Amino acid sequence: MASWRDEVLLEGDFYLAAKKRTVFKVTLIPGGLFYSAISTVSTQYEEKSIQTSDVIGCQCSETRNISPARPSSSLPAGNAVATFTVFAYPFRKKVFSGKRTRHRQAVTFEISSSTNFEENRKIAQKWRNVINCLARGMHITASDVDTCEPPPWGRFLFLVNPHSGPGRAMQIFKNEVEPMIAEANIPYKLIVTEYAGHARDLVQNLELSEWGAVVIVSGDGLVYEVINGLMQRVDWNSAIKKPVGCIPGGSGNALACAINYAAGEPVDINAVLHSVFILIKHRVVPMDLVLVQTPSQQHYSFLSVTWGIVADIDFESEKYRNLGEARFTLGAIKRIVNLRAYHGRLSFLPVAEYTPKTSAAPKTLKKIRRFSLRSSSSSRNLSSSGSIDSISSRHSQSPVVLTGARSLSTTPPVNGKDRNGSLLCSVSNGSGDANFTISEQSGSDTETNSPAKTFPNHYRSGAGEGGSNGRTVLDAVSDKAPAVLHAVEGTTLNTNESKAYSSSATASTEKTLTNGRVPANSKQTKNVPFISTSKDEAGFEEETVHAAKKDGEAVPTPLLPPLDQPVPDNWVVEEGKFVLACAVYQTHLGSDMLAAPSSRMADGIIHLMFVRDGISRNHLLNLFLTFSEGTHVDSPYVEFVPVLAFRLEPDISSGNIMIDGERLDPVPVQGQVLPGVARVMAIQ
Ligand SMILES: Nc1ncnc2c1ncn2[C@@H]1O[C@H](COP(=O)(O)OP(=O)(O)OP(=O)(O)O)[C@@H](O)[C@H]1O
């Protein structure tokens, strides 16, 4: 909370609608609004406050002055009274569980300082405007208060699937979403989907400029439809930047859980309320997609590709859809009892060297691979500069950057404690462990339709109490890994930071790349994917595959060889029987399944998890029980590998492959990350 030393923006003596006979001194500072009784007839009131980070909107209205309830009012009884109401959702601790959850608070102030209603109304409107600007994260000073107005909202298009989950999506919209959207005064249109595929058809033909955002009130199936509808447009590169919001109305709601988790909001209680809160307080945040190829189709996946027990549970529990999320628990019990393992081949291009958990060999990190996808309009330097490792290209798109010759294993943040967009890594250099922070970075071509675009530096203060407040991240570089580079969330690095980096690279080369292979001595041409490599003084290598994306052109897949051809030599191939294999790129697969705790929305990483055959039912059950806390990643049975691309080739035709919860017959599939291409309404 801001302190009293903060600049006072507005002050006034108002009645509180709830305390009819008391005048309150009300003070507004950038961090919040304070009010305390200055005259009391019967009771003393403590000073109370409302934080602007909890406020979703403020509105004016009028009421009647009722005599003799206003002893010191200058208004005659029966006259109109101007009011403003602040709608806030602060956290409160639950009595028994001790868990923090937001609750609604509406505080109405009545202005009766003048006998002239119009004058009072103007005062109320001024307070409303300033409070709304602050709630939207704008930086307001005392000199702005007479003129400031919040930027108009872009209209939200709500897509509600009446059949998702237990069939409550429409009820959720009416009872929980609509009232909060009205409090925030956001214009919207509601479309109820009429058939499977309706949302995809809609967004494929939508005039996107008419909408501030597309918001899904459903499960992940409708999110999948919207993402794929946008990606299948000719103008896919611009269309996919339309912010997508997500309110949990289905049975799994993995994306909604991931968004709540990233914002530091509860995932398991009052999930809808917290999701709507995020929707209103959102920033536009980049999100990775994964392009998934099968022999006959191409999918754009935002969540996961699963095979084995996780896919079986997801598909086979469909028939219990009316149980909501409990369907997964029931499905898991049934599947563990009838445990199956599937034979196949799992290949992947790891971000760093892969060493199986069972191996006694030291885990040495000598190389980091990245994939950089840029809008071709901004990629001209890549083909002409001859220095593709120039600072600007590194920092404007790099999803994860790490240099330094150390052994590395990713460790989960402690229950989401580190949610500043940073991936914590435990790095061992032989003399003990050191913690390093790898920061992820937003895409260079981040566009917003939110006020963040107009007020980028100040909008960050708008995060909720439990959130990370979206602070600018330039993490300290440990002296044990001098070459670790940190990117900045949503901002560009300053010159000093750039210089610091450039001194660490001693050599760089580049080659063009075709279908995962690198022709020697090929010449750079515009829009042709290519690899750059650089080595620092310690011999640590960083290899980046660069590709350009553009409306009207195919989505680039330089990491993927044709599905009927072998994977390149730099891929790892694991063959055998698997109980499960999951490629995950969100933290959650359900509210009690923190599948990839270290995942970030735009980390440019596919988190590949697999369990080989040989695990007992007992151990598997225990493993499933640890999913809710995310500690399964520490299990000796679970391999957890950050990768840029993967291929899964099941040997048998039984079982299921699920892409974002949509079933496929077990056919060969492969996927490649598309770093930060999509945009979601979130708080990081
Ligand atoms: N009006 C409709 N009638 C029938 N099916 C629909 C309709 N609208 C959408 N659908 C389809 O319903 C399917 C399930 O919806 P959704 O995934 O949103 O809910 P869910 O499966 O309960 O949630 P989750 O995927 O999170 O478990 C989607 O694949 C979507 O294509």
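Residues numbered from 1 in each chain as written. Predicted model: local features only at pLDDT ≥ 70, side-chain atom pairs only at ≥ 80, totals over all residues. Heavy atoms only, no water.

**Describing helix α7 (residues 271-281)**
What counts is decided by this rule: Under the scheme applied here, a residue whose accessible area is under 20% of the maximum for its type counts as buried, over 50% as exposed, and between as partly exposed, the area being computed with a 1.4 Å probe on protein chains only. We count a stretch as a helix when DSSP gives it H or I for four or more residues in a row; a strand needs E for two or more, and each element gets its number in order from the N terminus.
When you tally the buried positions in α7, you get 10 out of 11 residues, the bulk of the element. Listed in full, the buried residues belonging to α7 are Val272, Leu273, His274, Ser275, Val276, Phe277, Ile278, Leu279, Ile280 and Lys281.

**Some details on the packing of aromatic side chains**
Which entries qualify depends on this criterion: For Phe, Tyr and Trp, rings pair up if their centres lie within 6.5 Å, where Trp contributes its six-membered ring, and each pair is then called stacked (planes under 30 degrees apart), edge-to-face (over 60) or tilted (otherwise).
Counting across every chain of the model gives 17 aromatic pairs. Between tryptophan 153 and phenylalanine 156, the ring centres sit 6.0 Å apart and the planes meet at 85°, which makes this aromatic pair edge-to-face. Each member of the pair, tryptophan 153 as well as phenylalanine 156, is classed as buried. Taking 5.2 Å as the distance between ring centres and 85° as the angle between the ring planes, the aromatic pair formed by phenylalanine 348 and tyrosine 354 counts as edge-to-face.

**As for the pattern of salt bridges**
Using the following cut-off: Salt bridge, as applied in this entry: a Lys or Arg side-chain nitrogen positioned within 4 Å of an Asp or Glu carboxyl oxygen.
All chains considered together, the criterion is met by 20 salt bridges. A salt bridge links arginine 340 to aspartate 312; the nearest nitrogen and oxygen atoms lie 3.4 Å apart. Note that arginine 340 is positioned in the loop between α9 (326-337) and β17 (342-350) and aspartate 312 in helix α8 (residues 309-316), a separation of 28 residues in sequence. Among the residues examined, arginine 340 registers a relative accessible area of 33% and is labelled partly exposed.

**Quick look at the environment of glycine 676**
For glycine 676, the location among the structural elements is in strand β30 (residues 669-682). Remark: the alpha-carbon pair of glycine 676 and aspartate 603, spanning 73 residues in sequence, is separated by 7.7 Å.

**Observations concerning the packing of helix α6 (residues 254-263) against α7**
How we decide: To get an axis, a line is fitted to the C-alpha atoms, and for a helix only the part in contact is used. The angle between two axes follows their N-to-C directions and goes from 0 to 180 degrees. Our angle categories are set so that under 35 degrees counts as roughly parallel, over 145 as roughly antiparallel, 65 to 115 as roughly perpendicular, and the remainder as oblique. Here is the rule for handedness: rotate from the far helix to the near one, and if that takes an anticlockwise turn smaller than a right angle the crossing is left-handed, while a clockwise turn gives right-handed. Note on contacts: a residue pair is in contact if any heavy atoms of the two residues lie within 4.5 Å.
α7 packs onto α6 with a crossing angle of 70° between their chain directions and a minimal axis gap of 10 Å. Between α6 and α7, the angle falls in the class roughly perpendicular. Seen along the crossing, α6 lies across α7 with a hand that is left-handed. Mapping the contact onto sequence places Ala256, Ile259, Asn260 and Ala263 in α6 and Ala271, His274, Ser275 and Ile278 in α7.

**Examining the nonpolar core**
Burial of nonpolar side chains together is a common tendency in soluble globular proteins. Heads up, the rule is: For our purposes a nonpolar core is just a set of buried Ala, Val, Leu, Ile, Met, Phe, Trp, Tyr and Cys residues, chained together by side-chain atoms within 4.5 Å.
Ranked by internal contacts, the top residues of the largest apolar core, which has 111 residues, are Leu289 and Phe348. Leucine 289 has contacts with Ile227, Met231, Ile240, Ser301, Phe302, Gln672, Val673, Leu674, Val677 and Ala678, leaving out every residue within four places of it along the chain. If you look at the next biggest cluster of nonpolar residues, it comprises 33 residues, including Phe14, Ile111, Phe117 and Val145.

**Describing the packing of α9 against helix α14 (residues 617-626)**
When two helices pack together, their arrangement is captured by the angle between the axes and the distance separating the axes. Taken N-terminus to C-terminus, the directions of α9 and α14 make an angle of 160°; their axes are 10 Å apart at the nearest point. Classified by the interaxial angle, the pair formed by α9 and α14 is roughly antiparallel. Taken as a pair, α9 and α14 cross one another with a handedness that is right-handed. Counted together, Ala332, Ile336 and Val337 of α9 and Arg617, Leu620, Leu621 and Phe624 of α14 form the full contact between these two elements.

**Concerning the UniProt feature "domain: DAGKc" (unreviewed entry) in the chain**
Operational definition: UniProt positions are given in the numbering used here, feature names are shortened, and annotations may be inferred rather than shown by experiment.
Within this numbering scheme, the UniProt entry marks residues 151-296 as carrying the feature "domain: DAGKc" (unreviewed entry). What you have in residues 151-296 is 40% helix and 22% strand, and the ends, taken at the C-alpha atoms, are 46 Å apart.

**Observations concerning the environment of glutamine 586**
With respect to the helices and strands, glutamine 586 occurs in the loop between β25 (572-584) and β26 (606-612). Glutamine 586 sits in the buried class, given a relative accessible area of 2%. Separated by 16 residues in the primary sequence, glutamine 586 and alanine 602 have C-alpha atoms spaced 9.3 Å apart.

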